[in-house]
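# Architecture at a glance
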Amino acid sequence: MVDTPFGRVITAMVTPMHDDGSIDYDSLQNLAVYLADHGHDGLLVNGTTGESATTTDEEDYACVRAVVEAVGDRVQVMAGCGTNDTEHSTRAAREMVACGADALLVVTPYYNKPPQDCILEHFRLVAEAGDGVPVMLYDIPGRTGTALSTDTILRAADIPAVRAVKDAKGDFFEASRIMAQTDLLWYSGDDVVNLPHLAQGATGIVSVVGHVAGDLYAEMIAAVDRGDLSRAREIHRRLIPAVGAIMHVSQGAIQSKAAMKMLGVISSDALRMPYRQGPPEHQERLRAGLEESGLL
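Note that the structure is predicted; figures quoted are calculated from it, not measured. (Residues numbered from 1 in each chain as written. Predicted model: local features only at pLDDT ≥ 70, side-chain atom pairs only at ≥ 80, totals over all residues. Heavy atoms only, no water.)

Following the criterion strictly, the structure yields one aromatic pair and no others. Both rings, one in Phe6 and one in Tyr187, keep their centres 6.0 Å apart while their planes meet at 75 degrees; by these two values the pair is edge-to-face. Taken together, the residues Phe6 in the segment before strand S1 (9-12) and Tyr187 in strand S7 (residues 185-188) connect sequence positions 181 residues apart. Just as Phe6 is buried, Tyr187 falls in that class too. Its guanidinium or amino end placed over the ring of Tyr138, Lys166 lies 3.9 Å from that ring's centre, counting from NZ or CZ. (Phe/Tyr/Trp six-rings, centres within 6.5 Å; stacked < 30°, edge-to-face > 60°. Helix = DSSP H or I, 4+ residues; strand = E, 2+ residues; numbered from the N terminus. Buried < 20%, exposed > 50% of the residue type's maximum accessible area, 1.4 Å probe, protein only. Lys NZ or Arg CZ within 6 Å of the ring centre and 35° of its normal.)

Laid out in structure tokens, this is it:
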């Protein structure tokens, strides 16, 4: 059994909203309980899938408090606190911990594209602001515009609170090299490649498709742990239609929120602009993908 302060099956939760765009905290807690009941030992609040770009700080803190209240005794609750403003991120880190977060997710600063030494210092300051709670770095150059270099990750491993990396970059050789040289816990940050990451030693996943497939992902991880790659492949292939319907038809945040409404877990699939629900055929493709994977 891998010792991790983050959990192994983690879903980046959507943030349920009423039709008027205000946050539906009752549905948020319902969702947290649903995920805890279906294979999860960790949850991420205020991640990109939670529409963190369009929620306020006060809403973010309230979401952490709500999820901790609902399931904090059952799962590890990680809070996204990273922005492209270091002062803002350090303030958010302190507040998230005060609200009960067990861990923090810190994304590479986006848009302003700082050089690697500045990114490293950003991580150090945010980690220190978290008062010792475990920190997971988030490497997703497709959104941030800047990839973390291997040297930066190796140096970040010396920051005491930095314990893990969420990898949405997909450089498998460099990931394996870093795992071999450090004690960092590695997490797949892209559902398309969960199995390849796990097969080469990743600790777990930070998922979007986990909204609907938490039990199966827990089984996949258990299969890899016991060396049963045949069973892990079966699960991977079974989930291909669901992964495609959620991640390749539209944005994962849009489709996973629609899926949670479809399953009756949340009351509305409303989003904040610039997101909105797509045309009816998107939901038709979502329903078909979930049915083909045996999830609906």
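From this point, the narrative continues.
So, on to the pattern of salt bridges. Scanning the entire structure with this criterion turns up 14 salt bridges. A salt bridge links Arg8 to Asp225, with the nearest nitrogen and oxygen atoms 2.6 Å apart. Linking Arg8 in the segment before S1 with Asp225 in helix H9 (residues 210-225), this pair joins segments that are 217 residues apart in sequence. What makes Arg8 buried here is its relative accessible area of 7%. (Salt bridge = Lys/Arg side-chain N within 4 Å of Asp/Glu carboxyl O.)

On to the UniProt feature "active site" (unreviewed entry) in the protein chain. Per the UniProt record, "active site" (unreviewed entry) is found at Tyr138 and Lys166. Spatial clustering of the annotated residues is evident: they stretch over 29 residues in sequence, but the largest pairwise C-alpha distance comes to 4.7 Å. Along the chain, the position of Tyr138 falls in strand S5 (residues 135-139). Beyond its immediate chain neighbours, meaning those up to four positions away, Tyr138 contacts Thr48, Leu105, Val106, Val107, Thr108, Lys166 and Ala168. Residue position: Lys166 is located in strand S6 (residues 162-167). (UniProt positions renumbered as here; feature names shortened; annotations may be inferred. Contact = heavy atoms within 4.5 Å.)

This brings us to the UniProt feature "binding site: pyruvate" (unreviewed entry) in the protein chain. As recorded in UniProt, the sites labelled "binding site: pyruvate" (unreviewed entry) are Thr49 and Val206. In three dimensions, the annotated residues from a span of 158 residues occupy one location, with a maximal C-alpha spread of 10.9 Å. Structurally, Thr49 can be placed in the loop between strand S2 (42-45) and helix H2 (57-71). For Thr49, the contacting residues outside a window of four places in its chain are Ala12, Met13, Val14, Thr15, Val208, His211, Ala253 and Ser256. What makes Val206 buried here is its relative accessible area of 3%. Once you skip the residues sitting within four places of it in the chain, Val206 turns out to touch Ile10, Ala12, Leu44, Met136, Lys166, Tyr187, Ser188 and Gly189.

Generally speaking, nonpolar side chains in soluble globular proteins are found buried as a group. If you look at the biggest cluster of nonpolar residues, it comprises 79 residues, and the most contacted ones within it are Met13, Val67, Val212, Tyr217 and Leu290. Among the elements that line this core, the one with the most residues is H9, at eight residues. Residues in contact with Met13, not counting those within four places in the same chain, are Leu28, Leu31, Ala32, Leu35, Leu43, Leu44, Val45, Thr49, Gly50, Val67 and His211. Within the second largest apolar cluster, 15 residues are counted, among which are Phe6, Ala103, Tyr138 and Ala164. (Core = buried A, V, L, I, M, F, W, Y, C linked by side-chain atoms within 4.5 Å.)

On to the environment of Leu105. Looking at the secondary structure, you find Leu105 in strand S4 (residues 103-107). Sequence-wise, Leu105 and Ser27 are 78 residues apart; in three dimensions their C-alpha atoms are separated by 23 Å. In this view, Leu105 contacts Leu44, Met78, Ala79, Gly80, Cys81, Gly82, Met136, Leu137, Tyr138 and Lys166; residues no more than four positions away in its chain are not counted.

A separate point is the side chain of Asp269. Its location among the elements puts Asp269 in the loop between helix H12 (252-262) and helix H13 (280-292). Look at Asp269: it is buried, it has no salt bridge, and the nearest opposite charge is Lys261 at 4.2 Å. Within the structure, the side chain of Asp269 is placed 3.2 Å from the side chain of Gln283, a separation counted as a polar contact. (Lys, Arg positive; Asp, Glu negative; His and termini not counted. Polar contact = N/O pair within 3.5 Å; in protein donor to acceptor, adjacent residues only side chain to side chain.)

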